[in-house]
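Single-letter residue listing:
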Amino acid sequence: MEEKMDTEAPDEHRKDLENADDNLVAQSQNSQGTSKSPAPFEDDDDGSICPVCLEAWTNCGDHRICALKCGHLFGHKCILRWLESQSQKSCPTCKKPGKKSDIRFIYAKKLIAVDNMELENMREQLESAVMQKNTALQNITKYISKEYVLQAEIEQLKKKVQEFTLGSRPTDLRMTLQSPLNRIRLYMEKSVEVCNKSNCRDCRVFDICVPQDLIVIAAKPSIDLFGGFGIKKLSLASYRPIKFAPLHKSPIRDLKMNPDGTKIMTVSSDKTVKVTDSHTTQTICSMTLESAPWACSWSPRADTELSVGTQNGTVNIFDIRYFPQPLDSLNIPGDFSPVVSVVGVQEASKPFILLTAKLSSVWAFEFYPDGTNSRHLLPLEGPFLSLKYNSGIKQILVSSRPSTQVGFARHTVGYLEKIDDPDRITCNIVHTFKGGNTAKLLANTSCFMSNNMVAGHHETRRSILLYSLNTGEEVGSCPTHDNVVLDIKGVDTVHGKFLAYLNEKRMEFFRFNGA
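All figures in this text were calculated on a predicted structure; none of them were measured in a lab. (Residues numbered from 1 in each chain as written. Predicted model: local features only at pLDDT ≥ 70, side-chain atom pairs only at ≥ 80, totals over all residues. Heavy atoms only, no water.)

Engineer: Can you walk me through the pairing of strand 10 (residues 263-268) in this structure?
Structural biologist: On a regular strand, each side chain points to the face opposite its neighbour's, so the side chains alternate between the two faces of the sheet. Counting buried positions over the 6 residues of strand 10 gives 5, a clear majority of the element. As judged from the 5 bridges shared by strand 9 (residues 252-257) and strand 10, these two strands associate in the antiparallel manner. Among the inter-strand pairings, Leu 255 is bridged to a residue of strand 10, identified as Thr 266. Taking the residues between adjacent antiparallel strands as the criterion, strand 9 and strand 10 are bridged by 5 residues, where Gly 261 takes a positive phi near 75°. Of the pairings in the sheet, the one linking strand 10 to strand 11 (residues 272-277) comprises 5 bridges and is antiparallel in character. (Buried < 20%, exposed > 50% of the residue type's maximum accessible area, 1.4 Å probe, protein only. Helix = DSSP H or I, 4+ residues; strand = E, 2+ residues; numbered from the N terminus. Pairing = 2+ DSSP bridges.)

Engineer: Which parts of the structure should I look at to understand empty space enclosed by the protein?
Structural biologist: One way to see where empty space is left: roll a probe the size of a water molecule over the atoms. Within this structure, the stated rule accounts for 1 cavity of 30 Å³ or more. Of the volumes computed, that of the largest cavity is approximately 60 Å³. Around the largest cavity sit Leu 385, Ala 409, His 411, Gly 436, Thr 438, Ala 439, Thr 445, His 457 and Glu 459, which together line it. Per-class residue counts for the lining of the largest cavity are 3 nonpolar, 5 polar and 1 charged. (1 Å grid on protein atoms, 1.4 Å probe; cavity = no way out; pocket = protein on both sides within 12 Å on 5 of 7 lines; lining within 4 Å. Points joined across faces, edges and corners; volume = space filled by probe spheres on them. Nonpolar A, V, L, I, M, F, W, Y, C, P; charged D, E, K, R; others polar.)

Engineer: For this particular structure, what's the right way to read the confidence of the model for the chain?
Structural biologist: When pLDDT is low, close inspection of the predicted coordinates is not appropriate. Of all residues in the chain, 83% attain a pLDDT of 70 or more, and the chain-wide mean is 83. Across residues 1-10, confidence stays below pLDDT 50; counting only partners more than four residues off in sequence or on other chains, it has 0 contacts. Here residues 24-44 scores under 50 on pLDDT; set against residues more than four positions off or in separate chains, the count is 2 contacts. (pLDDT = per-residue confidence, 0-100. Contact = heavy atoms within 4.5 Å.)

Engineer: When you look at the packing of aromatic side chains in this model, what are you seeing that I'm missing?
Structural biologist: Remark: the centre distance and the inter-plane angle together describe each pair of aromatic rings, the angle taken between the planes. Following the criterion strictly, the structure yields 5 aromatic pairs and no others. For the ring pair Tyr 239 and Phe 509, a centre distance of 4.7 Å and an interplane angle of 50° mean the geometry is tilted. Here Tyr 239, found in the loop between strand 7 (229-235) and strand 8 (241-248), pairs with Phe 509, found in strand 31 (residues 506-512); they are 270 residues apart in sequence, far enough to count as distant. When sorted by exposure, Tyr 239 lands in the same class as Phe 509, which is buried. In this structure, Arg 64 packs its charged tip against the face of Phe 105, placed 4.3 Å from the ring centre. (Phe/Tyr/Trp six-rings, centres within 6.5 Å; stacked < 30°, edge-to-face > 60°. Lys NZ or Arg CZ within 6 Å of the ring centre and 35° of its normal.)

Engineer: Just checking my understanding: could you explain the sheet that holds strand 9 for this structure?
Structural biologist: Adjacent strands of a sheet pair through backbone hydrogen bonds, lying either parallel or antiparallel. Across the sheet, 4 strands lie side by side as 9-10-11-12; this open sheet has antiparallel pairing. Both outer strands of the open sheet, strand 9 and strand 12 (283-288), are each paired with one neighbouring strand and no more. For this sheet, the mean inter-axis angle between neighbouring strands, taken without regard to orientation, is 15°. (Axes fitted to C-alpha atoms, helices over the stretch in contact; angles between N-to-C directions.)

Engineer: When you look at a nonpolar patch on the surface in this model, what are you seeing that I'm missing?
Structural biologist: Taken together, the side chains of Leu 137, Ile 140 and Ile 144 make up a nonpolar region of the molecular surface, amounting to roughly 240 Å² of accessible area. You can see Ile 140 is positioned in helix 3 (residues 117-165). Residue classification places Ile 140 among the partly exposed positions, given a relative accessible area of 44%. (Patch = residues over 30% accessible without salt bridge, like charges linked within 9 Å, V, L, I, M, F, W, Y side chains within 5 Å. Areas by Shrake-Rupley, 256 points an atom, 1.4 Å probe, with all protein chains shown as cover. Salt bridge = Lys/Arg side-chain N within 4 Å of Asp/Glu carboxyl O.)

Engineer: How should I be thinking about unusual backbone geometry in this particular structure?
Structural biologist: Phi is mostly negative for residues that are not glycine, and the peptide bonds are mostly trans. Residue Pro 324 is reached from Phe 323 by a cis peptide bond, and omega for that bond is 0°. Within the secondary structure, Pro 324 sits in the loop between strand 15 (315-319) and strand 16 (328-330). In this model, Gly 382 is joined to Pro 383 through a cis peptide bond whose omega is -5°. By the element assignment, Pro 383 lies in the loop between strand 20 (373-377) and strand 21 (384-390).

Engineer: How do you make sense of helix 2 (residues 76-85) when you look at a structure like this?
Structural biologist: Along an α-helix, residues three or four positions apart point the same way, because every turn accommodates 3.6 residues. Listed as buried for helix 2 are His 76, Cys 78, Ile 79 and Leu 83. Take helix 2 and look down its axis: the buried residues cluster within an arc of 165°, on one side only. Turned more than 90 degrees from where helix 2 packs its buried face, Glu 84 and Ser 85 sit exposed. Along its buried surface, helix 2 packs onto strand 1 (65-67), strand 2 (73-75) and strand 3 (104-105). (Arc of directions from axis to C-beta.)

Here's what the structure looks like:
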């Protein structure tokens, strides 16, 4: 019995070993089936060994790293030996033709190839998404334009239905409803080229004097031989150019003609202020300021007095007879934002008031007979683009950009009021006309028109809209070229009533229907 047990024990041990081997093989096969074998480019040695000898290359010596023109890397002695042994010289990796003269040394101590396939895919997806977005924006713009047209047609049809329904009282209907037939229509009268260069915003302001039959535009010379900036004179009656006069080294920020049109004041980014004769274009007086001037105006209380607002927030009052010493300098303590507009107000038997619009606030400076002055903050919401004053109706027009509090541009009309207790000047708002959702440029985007109207740029609708000061309603519109308005003015002449505005390249004139 003992011998039998001795002979069976080795057999049982052998079977146990065979079963263990089988289990190991099965586990290995299972692991191979469940896990992916590493890709060739995931090998830790890939990019660091020569594919010919499978040894690490060096950065010097006979096995220094080099490449053929196809881009594959080898050790120098290995690729030489390979090319010498081949009758048809080719790359051992891609089999593209190669020869000894194609060998180029790689001057690098270590090469690491970053897998950017996913990044490239994401970049392509981003470009595709951007293209889709641009296409969608174009379609949205097109549909918005169609929507405005359809809304206008719907309003016309509604008013026609009301007219037919209330046919017994046509007079009352015209008084209560604004008929589409009575909407003001404007037609393109003339388009004058001002700048022949692309994206030219150097021509940002203009002024018109009807008695002198003169249009003055800030511009660059057509033939830029000497550089600089100046004024281009045109005839208001014929729109023909008269003369170009170089004045400044840098772009002109603002210009104003005095009431009789005999003098032109210009302020430039080169920190100079010049007063020029409008007929001879000869400089009458000139001065240089410490801060670049941004805005200017002639004072209504004296023919020789002018006001200049600067980039650092100061307003200087000068008399051209006593240049360059200022008569007065006005500052707001702690507010150094640039002055965008400055306008003088002089009413009979009342103190002189200088309205100053800065980027973030509007102030009224009141001057007393003893030479002193006081400042009053007007309750208006900025940031501000421009400020205008109409002495005929004694109202101000302030244009504002969209802000975090108000998400659209505004053209606000109001009048000044003096309050005795406490002694202050305030602004009572009459109308606030809603502009577009954007105001990309710091420009003069609104103006007073005759017949109690206001014109204001609406970027979203790509138009200049006309509003009635009597009803506060929109009464007309005209399109804008490239949706850019740098300056705008209303003009009444013996030939008719016009709306003139300046864009980057041209000055366009629109005639009122029936004017």
